[in-house]
Amino acid sequence: MLRRRINRLCGGDEKRLDSRTIYVGNRPCPDTEAFIPSKFCDNRIVSSKYTVWNFLPKNLFEQFRRIANFYFLIIFLVQVIVDTPTSPVTSGLPLFFVITVTAIKQGYEDWLRHKADKEVNKYLVTVLEDGRSVRKESEKIKVGDVVEVVEDETFPCDLILLESSREDGTCFVTTASLDGESNHKTHYTVSDTEKDLQALTATIECEQPQPDLYKFVGRMHIYQQEQEQEQELVVRSLGPENLLLKGATLKNTKKIYGVSVYTGMETKMALNYQGKSQKRSAVEKSINAFLLVYLCILISKAIVCTTLKYVWQSKAGQDEPWYNQKTQKEKDTNMYLKMFTDFLSFMVLFNFIIPVSMYVTVEMQKFLGSFFITWDKDFFDPEIEEGALVNTSDLNEELGQVEYVFTDKTGTLTQNNMEFIECCIDGFQYRYRDTLSEVDGPVNNQQQNAGQEKEELFLRALCLCHTVQVKEAGSEVLVDEVDGMDGLLPQPEQETGFIASSPDEIALVKGAMKYGFTFLGLESKCMKIKNRQNDIEEYKLLHVLNFDPVRRRMSVIVQNNSGETLLFCKGADSSIFPRVRPEEVDRIRMHVERNATDGYRTLCVAYKKLSAEEYAMADAGLMEARLALQDREERLISVYNQVETGMSLIGATAVEDRLQEEAAETMEALQGAGMKVWVLTGDKMETAKSTCYACRLFQRGTELLELTVRTLKDEDKKRDVKLKELLQEYYKKAVLDAPPVRPGVTRSWSTANQDYGFIVDGATLSLVMNPPCDDDASQNKSFFLQICQSCTAVLCCRMAPLQKAQIVKMVKNSKGSPITLSIGDGANDVSMILEAHVGIGIKGKEGRQAVRNSDYAIPKLKHLKKLLLAHGHLYYVRIAHLVQYFFYKNLCFILPQFLYQFFCGYSQQPLYDAAYLTMYNICFTSMPILAYSLLEQHISIEILLHNAALYREIANNAMLRWRPFLYWTLLGIFQGLMFFFGVRFLFSNPALQDNGQVFGNWSYGTIVFTVLVFTVTLKLALDTRHWTWINHFVIWGSLAFYVFFSFFWGGIIWPFLKQQRLYFVFANMLSSVSAWLVIIILILLSLLPEILLVVLRKPRGHHSQQKKQSQSNVGGNQSPESSTRPLLMRTFSDESSPVV
């Protein structure tokens, strides 16, 4: 006893066990010793990252973890410590600007989080204390408090429902803020609880907090007062149906009472705050590679200058000239230390070749650029009144690099809008036509009587085997609600709305209505249906055996008025057929396969009469499993499997799920853009195959290679032997014997070659991915991957969610690390969405889990075409140009400084004034490239959408490969040499002013800097194809600002400067006609190669001509080399040429 008390005091129970004990109302139970409250966290929500006290150190630490920021910090410290040629301000100010801007952005975002937290934590709630209702702030709720919530209020913490104002002990909630599902979910009170909650004595034992919104395991010990001094202990199981989650909203229920079990940061909503793993784009990796190259250039320059300095000083009279004698301290300095100091000084002098401001510009470009997706009116869907959503802006450019698209079928390729088409009862087909049943097949009198009984049994099964709720008809027109999506119910007899977690269930209930059986609703565990004779039948609902993706079926156990206990079960054919008699399967299988081939979703329906002994055993097993705290789900599934055996097959249903709008056109465009599309679905092979044909992923001439359980069946050989043989056969056919195809070329460009489609199912995939230990395992996996990559389309059916992620991971980690994209609409797609480089969620009918976990969300599949072919293409081109331009302009900036050392005795004399060094990247050249990277459209969006082949021109990171990088580098070197030696040629004539005075070294540097600023800005103007007033404003405004600043900076004597190097230098320089002439000539000569490229290639790639060509070749039959290549070469001066 003492040990138990010590454990409770120290929180030992929580550490030792996977469960927690909660006292309802924080009152002790009579049969326990003194009540010692357990220590749980309070109900404060903290989503913020910083506090007032830790913001500065924590934010600085995070920012200086970036290599570029840390590098510039080191340079700044070197400038402060060592006597360097440039002021610490030159590197300190840009670094301070970058750090400050980022800190302000992150601080503002965190302030918004603080504000939201305070709003939630200070919200007033009602808590029952000593029989009184007390209003208190939400953050003061403790675990065990009984909380009152009224209609339309959100739950302040995770509660177990104890009492409801509804007579049947239920309440309705919406969880839109948690998973996006706006449909009403039903939750149930715990049975046997006291009506007077003040008199309730109970404890709750439940699992420790975990983030899964749909799982909860616990049990409640209720102490009921039977006689004086005697109490009876009643134990009731607790599940997700009893748990009300923080953030959910109470609907259609006046008031409820619940006991808090998880508070604050332990609520399921708070545990789901944890972000996804950080995804890095290919552009970031390219930037890091380029940075290393430029860092090597920087170090090389510093080493060369340091070496040449000491070589030069080794000559007689050079080290200590008569006019510059060394001090005694300088003479006593160690030579190697002096060399190291000089090396650091050169590093500081040339460090501007590394563009620190590029990171801020890239972040701003990504952040601001993401708004264009959100604002795109073409993405707005009037049905749900929503547009696109950007959850992360770090991957915008990755949308232009996708090579593999992995898509779900149901709800993604199809609408997930189910319509009951037909059913098969006892081997006979029933198709509904204009209120008449059309029966296919011979029916004699004897069979017709038996058919009548089977028909009614089948329709009763459809009316009873589901979790559909009925909304009563009111003054409004009622609709069916499925996970937040509304659809009209065409019901002439009575206006009734249905609520369900799956559109399949509503379709089946409405299908039964067509044949005369109507589901009226569930009241107090009693299900009511109206039969063909308009009689009301009542069934007591005993148990619901819930659907799960592993079992792929669900069942109900009901009791009719005559006392018979019946089990009705519906599920996938692969799940039902092994559990019924084989002779019944043969009558149904043909219809199921035919319906699947027609593209319909099929479900089989079975039933079983349970004897009293069977039901008693099942009931006891289910009660025991539901009370278990450990492995509850495994135990429940075990009991489900025991009960769902020996059933009788009644029939099957066929439900049509229509294709998404423009699904075929979208898939065709993606393939034309060089992407390979894989369909990953849990549906049957035949249904999925017909969908692939409808979407044009498989053409009529496509040869299908099938690797499924069916093809592996061989009486003479083991499955693994047959698997190896098939893989070798397919490998030879699709890989070895196939003619070589240029990368990125799909069937649109190689119609003479045989197209292959590959079909694999989940069971066979398990054999390939998780084989028994043998020598052929890795070879099989390699063959499998190469076969998949050689096929134009791949269909993976009967897939579990984890297998979807495995497939994506396998391709993602394959040779070449191709960029992958996953798109889906349901919770079963979350794993593959998180695994892919880019995850896209569709705002569909299977909840919003996919949207919440995605990087981007779109209303419909058809929007994927514009997202990739237009937005993705433009984002990539813009940011690639931004990165290359930044390195180019900084090389132009520093190369003259390096060359200047050869003419100043390697004395580390700066060529530019400190103000120019500081302002170059921050003010003079930053805004034009930012505007370009946000607004540029080198090809119009209409052309990009009509000519999908243009997407392939930028594939494989084409604009950030080494070839375009080398081009930009050589261009920077050429222009840097031109700036320096052009001005030096001018200075060969010393008399440049009318009064005979000569220019000094600061005039020299200022002329070079003026030519530099105008050249790099006009180079960007030449590259701009889409001019807006913003481009004009920032380009010409930046040049005007430079001129104004130079006059202003040199025209005033600044009292805070010790020496003013540029006093009247700029104005004096512009008074010379020679200076004007050389500036204009050097700008023109530097830009001449660019101008010649534009002029010479204009006839071949004229914009209007390109538009005309693409519109006349919408089918995608023009050669990409004939028109798209010249346009990109003209536009981007050869940096966009693909590297094969």
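Parameters at a glance
Residues numbered from 1 in each chain as written. Predicted model: local features only at pLDDT ≥ 70, side-chain atom pairs only at ≥ 80, totals over all residues. Heavy atoms only, no water. UniProt positions renumbered as here; feature names shortened; annotations may be inferred. Core = buried A, V, L, I, M, F, W, Y, C linked by side-chain atoms within 4.5 Å. Buried < 20%, exposed > 50% of the residue type's maximum accessible area, 1.4 Å probe, protein only. Helix = DSSP H or I, 4+ residues; strand = E, 2+ residues; numbered from the N terminus. Contact = heavy atoms within 4.5 Å. Patch = residues over 30% accessible without salt bridge, like charges linked within 9 Å, V, L, I, M, F, W, Y side chains within 5 Å. Areas by Shrake-Rupley, 256 points an atom, 1.4 Å probe, with all protein chains shown as cover. Salt bridge = Lys/Arg side-chain N within 4 Å of Asp/Glu carboxyl O. Phe/Tyr/Trp six-rings, centres within 6.5 Å; stacked < 30°, edge-to-face > 60°.

An unreviewed UniProt entry annotates the protein chain as Phospholipid-transporting ATPase of Carassius auratus. One UniProt comment on the protein chain, placed under Sequence similarities (unreviewed entry), says "Belongs to the cation transport ATPase (P-type) (TC 3.A.3) family. Type IV subfamily." Here is the UniProt Cofactor (unreviewed entry) comment for the protein chain, exactly as written: "Mg(2+)".

Caption draft 1: Representation of the nonpolar core within the structure. In this structure, Val883, Phe893, Tyr912, Phe1009 and Leu1012 are the most contacted members of the largest nonpolar core, which totals 95 residues. A per-element tally of this core places helix 28 (residues 863-900) first, with 18 residues. In this structure, Phe893 is in contact with Phe352, Tyr912, Tyr916, Leu917, Tyr920, Phe1009 and Leu1012, ignoring residues within four places of it in sequence. Judged by nonpolar contacts, the second largest core, of 42 residues, contains Ala663, Val679, Tyr856 and Leu864.

Caption draft 2: Focus on a nonpolar patch on the surface. A contiguous nonpolar patch, built from Val304, Phe902, Phe903, Leu966, Leu970, Ile973, Leu977 and Phe981 and spanning about 670 Å² of accessible area, is present on the exposed surface. The leading source of residues in the nonpolar patch is helix 32 (residues 962-986), at 5 residues. When you line up the elements, Val304 lands in helix 8 (residues 282-313). With relative accessibility at 35%, the residue Val304 sits in the partly exposed group.

Caption draft 3: Broad picture of the pattern of salt bridges. What the rule picks out here adds up to 34 salt bridges. Among the salt bridges present, the one from Lys860 reaches Asp381, with a minimum N-O distance of 3.8 Å. Here the residue Lys860 occupies a position in the loop between strand 36 (856-858) and helix 28, and Asp381 occupies one in the loop between helix 11 (357-375) and strand 14 (389-390), the gap between them amounting to 479 residues. Each of the two residues, Lys860 as well as Asp381, counts as buried. A salt bridge links Lys804 to Asp408; the nearest nitrogen and oxygen atoms lie 3.4 Å apart. In this pair, Lys804 sits in helix 25 (residues 801-812) while Asp408 sits in the loop between strand 15 (404-407) and helix 12 (409-413), placing the two residues 396 residues apart along the sequence. Neither Lys804 nor Asp408 differs from the other in exposure class; each is buried. Each of Asp381, Glu383, Glu661, Lys860 and Lys862 takes part in a single network of salt bridges with overlapping partners.

Caption draft 4: Geometry of the packing of aromatic side chains. A complete count under the given rule lists 49 aromatic pairs for this structure. Plain terms: the ring middles of Phe420 and Tyr515 are 6.2 Å apart, the flat faces sit at 75° to each other, and that makes the pair edge-to-face. Here Tyr515 lies in the loop between helix 14 (503-514) and strand 23 (518-523) and Phe420 lies in strand 16 (residues 414-425), a separation of 95 residues in the sequence. Across the pair, Tyr515 and Phe420 agree in class, each one buried. Taken together, the ring pairs connect Phe893, Tyr912, Tyr916, Tyr920, Phe924, Phe1009, Phe1014, Phe1041, Tyr1042 and Phe1045 into an aromatic cluster.

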